[in-house]
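# Examining the three-dimensional arrangement
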Amino acid sequence: MLWAKSTRVDITCYEDYTFPKKKVKLFLSRINRHIQSPVTRKITMRKCALFNDNWQFAAQKLSLDAADELFESITLPHTNQLFAHNNVDNQAYQFISTYRKKFAWHTSSGDDPTLVFVDFDGVMLACEVYVNGRFLLNHRGGYAPFSVDITDQLQDGENCLTLYVDSRERKDIPPYGHLVDYLTFGGIYRDVYLREVHTTHIDNLFVQTPDVVQNPRLLADVRLSHLKPGLTLEAVLTDAAGRQVTRLQQPVEGQTTRLEWQTLPDVALWSIDMPTLYTLHVSLRENGQVLDTLTTRFGFREVVFGGDGRFYLNQEPIPLFGLNRHQTYPYIGAAAPARLQRQDADILKYELACNVVRTSHYPQSPHFLDRCDEIGLLVFEEITGWQHVGDEKWQAICLDELETMIKRDRNHPAIILWGVRVNESGDHDDFYRCTNALAHQLDPTRQTGGVRDFLGSSFLEDVYTHNDFSNGVRTPTEQPHLITEFAGHMFPTKSWDHEERLINHALLHAKIHNLQLGHPQIAGAIGWCAFDYATHIEFGSGDRICYHGVMDIFRLPKWAAAFYQSQQSPNKQLVLQAATHWTMGDRSGGGNNPLTVFSNCDEVEIIIGDINVGKFQPDLAQYPHLPHPPFTIDGLNAYSAWGQSEFYDLHLVGYVNGRPVTEQWIASNRLPQRLELSTDTDQLVADGADMTRLIFRITDEFGNPLPYAAKVVTFELEGDAELIGENPFPLIGGQAALYVKARHQPGTVTIRACAPGLGETAVSLTLLPAPNQQIET
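Residues numbered from 1 in each chain as written. Predicted model: local features only at pLDDT ≥ 70, side-chain atom pairs only at ≥ 80, totals over all residues. Heavy atoms only, no water.

## As for the overall build of the protein
Scanning the protein from N- to C-terminus turns up 7 helices and 46 strands. In summary, the protein has a C-alpha radius of gyration of 27 Å against a globular reference of 28 Å for 777 residues, a match within 12%. Per-residue burial for the protein yields a buried fraction of 61% across its 777 residues. Expressed as a percentage of contacts within the protein between residues at least 6 apart in sequence, the contacts between residues at least 24 apart total 69%. A total of about 28,000 Å² of accessible surface is found on the protein, and carbon and sulfur atoms cover 47% of it. Taken together, the 66 basic and 94 acidic charged side chains of the protein have centroids lying 5 Å from each other. (Helix = DSSP H or I, 4+ residues; strand = E, 2+ residues; numbered from the N terminus. Rg over C-alpha atoms; globule rule 2.2 N^0.38 Å. Buried < 20%, exposed > 50% of the residue type's maximum accessible area, 1.4 Å probe, protein only. Contact = heavy atoms within 4.5 Å. Areas by Shrake-Rupley, 256 points an atom, 1.4 Å probe, with all protein chains shown as cover. Lys, Arg positive; Asp, Glu negative; His and termini not counted. Charge placed at Lys NZ, Arg CZ, Asp CG, Glu CD.)

Written out as structure tokens, the structure reads:
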């Protein structure tokens, strides 16, 4: 199925497309009083609406007829427990909870036969589903979507959908069975949709784009449910502006019909720099009447890991340069709405200059993958698990999840590789022959990989994907070879660690990428990892946080992030970051000798006080293969202020093509001067789910965070929103974030923050009305 993502119903007619408007209105009238934000959908007989609002939640298992007073009202996505940003007790989310939604439904004798489904994007970790007291499904697995057919249980008037959500870390369900170095959290943590389709409808649509470089073609495999005679398919291809590119009509040939365009008008290819997207609209007709229409977005592109060790996109070699991403967040676990999911992709692409991300270690949100498609961020998506393979029943869940993942995501142009092996598990040849064969059967257009942390493994997949913790680069034993983790637990680093550790953390990432980019047998490297994350007590750094990220858990940068950011072209973004706290009064000179600077400038000029020390070039000798090597500047300890009565600020100027283009100042006294407060957006949608980061920093006079200026920050909020996170917040590290979550009343929200000695600061944002619930046609 196509999973709806956006926030309103859009009824559109394509040329001679027809649709029963009265039935569309009837469907909306059935549900609109109970649905906050219907979703964008090209509607014929298919109707799909977001089903996230007006849920009830109880942190215990209640009877199916429990009184409303025993529940709290919630909006999805939802975590069954809120947490502090660290010291997360995984026992706190391990219980069975009750989720319930009451909604009205009215049938009409004039309707064509239809089926009604509830589609769940993700429920952690298992659940039982009931409608009007009748048991329908026991689903196991928290990372893959699933659907429940509720047609036969619907009744005129009020209906009640109930889920008993089991968030215990059950050993019979992946990833559990052994220790796991991440937390799964709990709840209905992704979106839910209500979908009505004709009994005969399109079940799945798989788009393929062979020969895109020489002779672009388009294939679409259309799978139907409840096949009957006399059906035809009509397909319309549109570009990003909605203009028709081509169309095709042909009879249905069986349960799966292949639509094929042997020639096409000029089409633009999807690439990391120009991620051009197209949409295919496929309608199922009977005697000219549209029974169903399903659309999917895709891109014309070709990806392959070649036998020469390189990765090719549209037959052009591209060195892969990326990071791993966990989907968890502070406070809310994994229950992040679309805005935060999409923002993670933006951070990886634009703030960290990655061209690839690995979805460690499970299928991730459709919102995240959609954004990767839109911005040209390549994706390696893999099955759930961590170092453990369970019994046959456990493996069956894994295989089912693999099938669901591929069917859901195989039209995403950003996805380049399927991970068909449990991360860092040993060789289980029988099981992995099955996963590899299944992936190839479901998607013959993509290669497979299987992540292990040793060489000499059974090589059953197409790409040898390897977690290399040698603190160097091992010589590959198989081809193609992709490094899928490095650094990470080998060098955990907090934002408030000593600056020498922060520098060495960044330089470890620089070292490995320099080595992999210079190795002809390695297709690329994906570092561990983008963001710090909560974990079990057996891991982490004493407070149950793995400080493995180049950014912290709030998605705020450490110096290693500056290294990644500096590897992009200065034409995209100028980067200049000195890796120093400029502790000139320190007898040792602090981290000033040598001074490390991460920049994509040609030269960096150093000025200390009124003294122009000179211009310096990147360290090509040590990092010859990086696009923009770090700068290593010796001799600045000669300017130490030890024993002097005056300290000198550090001033850096970056030059490109001989011209000054950017600069950075760092105060020498390191005294807190400002409390800064900001949000990632100045607008939220008042739908009860939308949220944004509220970032706060204690900085010097030039805006540099001061990691050792520990203070308690207190917040106040006015308006129809809530703060998610600790308030007051004991700030260590110079920077952190809360979340501002919209409620349902449009208007202005103002947040004020204060800290001792720094006064008060404020930021405001606007809550926009949620989209109209009813569309007049």
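## Regarding the packing of helix α4 (residues 392-409) against helix α5 (residues 429-442)
One way to put it is that α4 packs onto α5 with a least axis distance of 10 Å and a crossing angle of 20°. As far as their axial angle goes, α5 and α4 are roughly parallel. For the element pair α4 and α5, the recorded crossing hand is right-handed. Each of Gln395, Cys398, Leu399, Leu402, Glu403, Ile406 and Lys407 in α4 lies in contact with α5, whose residues at this interface are Phe431, Cys434, Thr435, Leu438, Ala439 and Leu442. (Axes fitted to C-alpha atoms, helices over the stretch in contact; angles between N-to-C directions. Parallel < 35°, antiparallel > 145°, perpendicular 65-115°, else oblique. Left-handed = near helix turned anticlockwise from the far one by under 90°.)

## Points about the state of the cysteines
Under the definition given, this model contains 0 disulfides. The thiol of cysteine 529 is not disulfide-bonded; the next cysteine sulfur, from cysteine 546, is found 7.8 Å away. (Disulfide = S-S within 2.5 Å.)

## Considering α5
Helix length check: α5, at 14 residues, gives a terminal C-alpha distance of 20 Å against a target of 20 Å (1.5 Å per residue), a fit within 8%. Along α5, the residues that are buried comprise Phe431, Tyr432, Thr435, Asn436, Leu438, Ala439 and Leu442. For α5, the angular spread of the buried residues around the axis is 160°, confining them to a single face. For α5, the exposed residues lying more than 90 degrees away from the buried face are Asp430 and Gln441. Packed against the buried residues of α5 are β11 (201-208), α4 and β25 (447-449). (Expected span 1.5 Å × (residues − 1). Arc of directions from axis to C-beta.)

## A few points about α4
With 18 residues, α4 extends 25 Å from end C-alpha to end C-alpha; this agrees with the ideal 26 Å at 1.5 Å per step. Where α4 is concerned, the buried positions are Trp394, Gln395, Ile397, Cys398, Glu401, Leu402, Met405, Ile406, Arg408 and Asp409. End-on, the buried residues of α4 take up no more than an arc of 165°, which puts them together on one face. Turned more than 90 degrees away from the buried face of α4, the exposed residues are Glu392 and Lys393. The inward-facing, buried residues of α4 contact β7 (134-140), α3 (366-375), β23 (378-382), β24 (415-419) and α5. Sitting at the head of α4, aspartate 391 places a side-chain oxygen 3.2 Å from the backbone nitrogen of lysine 393. (Polar contact = N/O pair within 3.5 Å; in protein donor to acceptor, adjacent residues only side chain to side chain.)

## Observations concerning the pattern of salt bridges
Throughout the structure, instances matching the rule amount to 43 salt bridges. Residue glutamate 374 is joined to arginine 371 by a salt bridge in which the shortest nitrogen-to-oxygen separation is 3.0 Å. On the criterion of helical spacing, the pair formed by glutamate 374 and arginine 371 is a turn pair, its members being 3 residues apart in helix α3. When the shortest N-O distance is used, the salt bridge between arginine 474 and aspartate 468 registers 3.9 Å. Within this structure, Arg140, Asp166, Arg168, Arg170 and Asp172 form a network of salt bridges that share partners. (Salt bridge = Lys/Arg side-chain N within 4 Å of Asp/Glu carboxyl O.)

## Focus on the sheet that holds strand β40 (residues 691-699)
Strand order in the open sheet formed by 4 strands is β38-β40-β44-β42, with antiparallel pairing between adjacent strands. In this open sheet, the two edge strands, each paired with only one partner strand, are β38 (674-679) and β42 (721-724). Strand-to-strand twist across the sheet, computed as the mean angle between neighbouring axes with direction ignored, equals 25°. Across the sheet, helix α2 (residues 338-351) touches β40 and β44 (735-742), and the angle it forms with β40 is around 55°. (Pairing = 2+ DSSP bridges.)

## Brief notes about the pairing of strand β1 (residues 47-50)
Going residue by residue along β1, you find Lys47 and Ala49 tucked away on one face and Cys48 and Leu50 tucked away on the opposite face as well. Bridge analysis of β1 against strand β10 (residues 192-198) gives 4 bridges, and the strand direction is antiparallel. When the bridges of β10 are listed, cysteine 48 appears paired with arginine 195.

## Description of unusual backbone geometry
The peptide bond linking methionine 124 to leucine 125 adopts the cis configuration, its omega dihedral lying at 5°. By secondary structure assignment, the location of leucine 125 is in the loop between β5 (114-120) and β6 (126-131). A cis amide bond links serine 360 to the next residue, histidine 361, at an omega of -15°. Here histidine 361 shows up in the loop between β22 (356-359) and α3. In the Ramachandran plot, alanine 487 falls in the positive-phi region, its phi being about 65° despite a non-glycine side chain. Mapped onto the secondary structure, alanine 487 falls in the loop between β27 (481-485) and α6 (499-517). Given the relative accessible area of 3%, alanine 487 is considered buried. Of note, the phi angle at arginine 544 is positive, near 60°, even though the residue is not glycine.

## Notes on the nonpolar core
With 78 residues, the main nonpolar core has Phe305, Phe311, Leu348, Leu352, Ile416 and Tyr564 as its most contacted residues. When residues of this core are assigned to their parent elements, the largest contribution, 7 residues, is made by α6. If you look at the next biggest cluster of nonpolar residues, it comprises 65 residues, including Ile173, Ala721, Ala753 and Val763. (Core = buried A, V, L, I, M, F, W, Y, C linked by side-chain atoms within 4.5 Å.)

Keep in mind these values describe shape, not function.
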